[in-house]
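For reference, the chains in residue letters:
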Amino acid sequence: MESTKTILITGGCGYIGSHTALDLLSKGYNVVSIDNLSRSKQFVPERIKTISGKDFINYRIDLRDLPKLRTVLHNHTDIVGIIHFAAFKSVGESVQKPLIYFDNNINSTINILRIAEEYAIPNFVFSSSCSVYGNTTELPVNENTPLSSPESPYGWTKLIAEQMIASHAKTSNINFIALRYFNPVGAHESGKIGEIPFAEPENLVPNITQTAIGKKGQFVINGSDYPTRDGSCIRDYVHVMDIAEAHTLALEFQMEGKQQNKFEVFNLGSGNGVSVLELIHSFESVSGAPLNYVLGTRREGDVIAIYADNKKAAEQLNWFAKRNLDQMMQSAWAWEQQLQNENL
Ligand SMILES: NC(=O)c1ccc[n+]([C@@H]2O[C@H](COP(=O)([O-])OP(=O)(O)OC[C@H]3O[C@@H](n4cnc5c(N)ncnc54)[C@H](O)[C@@H]3O)[C@@H](O)[C@H]2O)c1
């Protein structure tokens with residue numbers, strides 16, 4: 001049944017926020033976004049409207065500006081849930097500029113929590129990351145795997161934000177969920193939106209597609225002598241539209257009164273470990289072209305293997321990662337070609 005509830009998303013013009021907006025809109029929700037476009041492009045709101053055929057408003061406001069945030073809530077008195085995506089996410093940049101990361105990611109989170117409280121918004125979903133597990137050796141990683149020191153200031157902002165939310169949840173009437181993403185990849189099936197790397201991409205898949213299209217000269221595999229089945233590192237990749245759907249399901253879980261504890265966490269991973277070489281082979285098979293890559297040396301701080309135990313999300317949210325590796329790579333490749341065709 002179509003819903004007419006309104007959901008506020010922060011960072012709704014970014015990679016995961018824009019895909020989630022499309023999923024929510026396709027299921028009948030109204031979506032309002034707050035995104036200062038510091039790490040996204042101005043064309044995204046129009047795209048969301050075109051693809052969905054629905055209205056989509058983005059307020060270009062910095063989340064650290066509390067008075068301006070209040071104006072949004074005054075304009076929209078029917079918001080029933082918040083999804084908080086907005087953050088800076090580059091691991092390397094966070095190592096170079098830790099204070100900027102703590103300022104942006106932590107202060108934004110404090111403000112949106114204040115807003116949720118002031119306006120009594122009953123449901124809140126937070127974008128967390130598997131980086132909160134640090135360099136764990138317990139595999140697969142489930143939600144009870146002990147958290148350890150994250151490897152970067154970026155990872156710390158996610159862990160601190162989770163801790164703030166968990167503490168706050170003890171005295172709040174709001175339901176909070178943190179979704180710990182593993183490696184979101186791929187793009188929307190329309191081919192009209194996808195990941196837009198802000199600077200040099202850090203994630204593997206944009207690096208592969210940028211090499212294939214000629215933006216980068218050669219792809220270097222960081223380490224080929226790890227004790228894994230083919231010597232390269234193992235990660236858990238999950239299609240961005242599967243990640244998007246999990247947010248809608250998490251909000252519905254809250255709105256249907258199914259959430260037992262005020263603060264819950266869920267892993268969002270496919271449950272399968274995929275090696276870098278396997279990822280490349282999938283890319284080569286869907287793109288039909290060999291990738292120009294070399295085997296390089298290990299990179300300091302890289303975890304050998306990490307993948308999710310996703311049973312909790314399956315059992316409680318009824319969430320499953322439905323799209324396979326080839327679909328992830330195929331959609332990522334289609335998007336890279338679109339970026340080039342449109343000169344975006
Ligand atoms: N993409 C991943 O690999 C990944 C993995 C784990 C967790 N996450 C988390 O998921 C969330 C979304 O990630 P993404 O990949 O969509 O990132 P993204 O950079 O594409 O989107 C983030 C959006 O937030 C906006 N933003 C940042 N700071 C803001 C502020 N102060 N005020 C208003 N808007 C602001 C940016 O303009 C951008 O559009 C982030 O919290 C990120 O840490 C991402």
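Residues numbered from 1 in each chain as written. Predicted model: local features only at pLDDT ≥ 70, side-chain atom pairs only at ≥ 80, totals over all residues.

A. Spotlight on the site of the ligand. The immediate surroundings of the ligand are formed by 28 residues, with G11, G14, S40, A87 and S129 found nearest. Every element with two or more residues in the shell around the ligand is listed here: helix 1 (15–26), helix 5 (98–118) and strand 5 (123–129). By residue number, the principal contributor to the shell around the ligand is helix 1, which donates three residues. For the shell around the ligand, the class distribution of residues is twelve nonpolar, eleven polar and five charged. (Near = placed C-beta within 6 Å. Helix = DSSP H or I, 4+ residues; strand = E, 2+ residues; numbered from the N terminus. Nonpolar A, V, L, I, M, F, W, Y, C, P; charged D, E, K, R; others polar.)

B. Representation of helix 1 in the model. Given a rise of 1.5 Å per residue, twelve residues ought to cover 16 Å, and the 17 Å separating the end C-alpha atoms of helix 1 matches this to within 8%. Among the twelve residues of helix 1, eleven are classified as buried, and the element is accordingly described as predominantly covered. Listing the buried residues of helix 1 in full gives Y15, I16, G17, S18, H19, T20, A21, L22, D23, L24 and L25. G28 sits one or two positions beyond helix 1 and adopts a positive phi of about 95°. (Expected span 1.5 Å × (residues − 1). Buried ≥ 20, exposed ≤ 12 C-beta atoms within 10 Å, placed from the backbone.)

C. Molecular detail of the packing of helix 1 against helix 2 (residues 44–52). Direction vectors running N to C along helix 1 and helix 2 enclose 30°, while the axes themselves pass 10 Å from each other. Classified by the angle between their axes, helix 1 and helix 2 sit roughly parallel to one another. Crossing angle aside, the handedness with which helix 1 passes helix 2 is right-handed. Residue-level contacts link S18, A21, L22, L25 and S26 of helix 1 to V44, I48, I51 and S52 of helix 2. Classifying every residue of the contact of helix 1 with helix 2 gives six nonpolar, three polar and no charged. (Axes fitted to C-alpha atoms, helices over the stretch in contact; angles between N-to-C directions. Parallel < 35°, antiparallel > 145°, perpendicular 65-115°, else oblique. Left-handed = near helix turned anticlockwise from the far one by under 90°. Contact = placed C-beta atoms within 7 Å.)

D. Layout of the packing of helix 7 (residues 204–213) against helix 11 (residues 325–342). Packing of helix 7 against helix 11 leaves a shortest axis separation of 10 Å and a crossing angle of 55°. Taken together, the axes of helix 7 and helix 11 are oblique relative to one another. Relative to helix 11, helix 7 is oriented so that their crossing is right-handed. Every residue of helix 11 that contacts helix 7 at V205, T209, Q210 and I213 is listed here: A332, W333, E336, Q337 and Q340.

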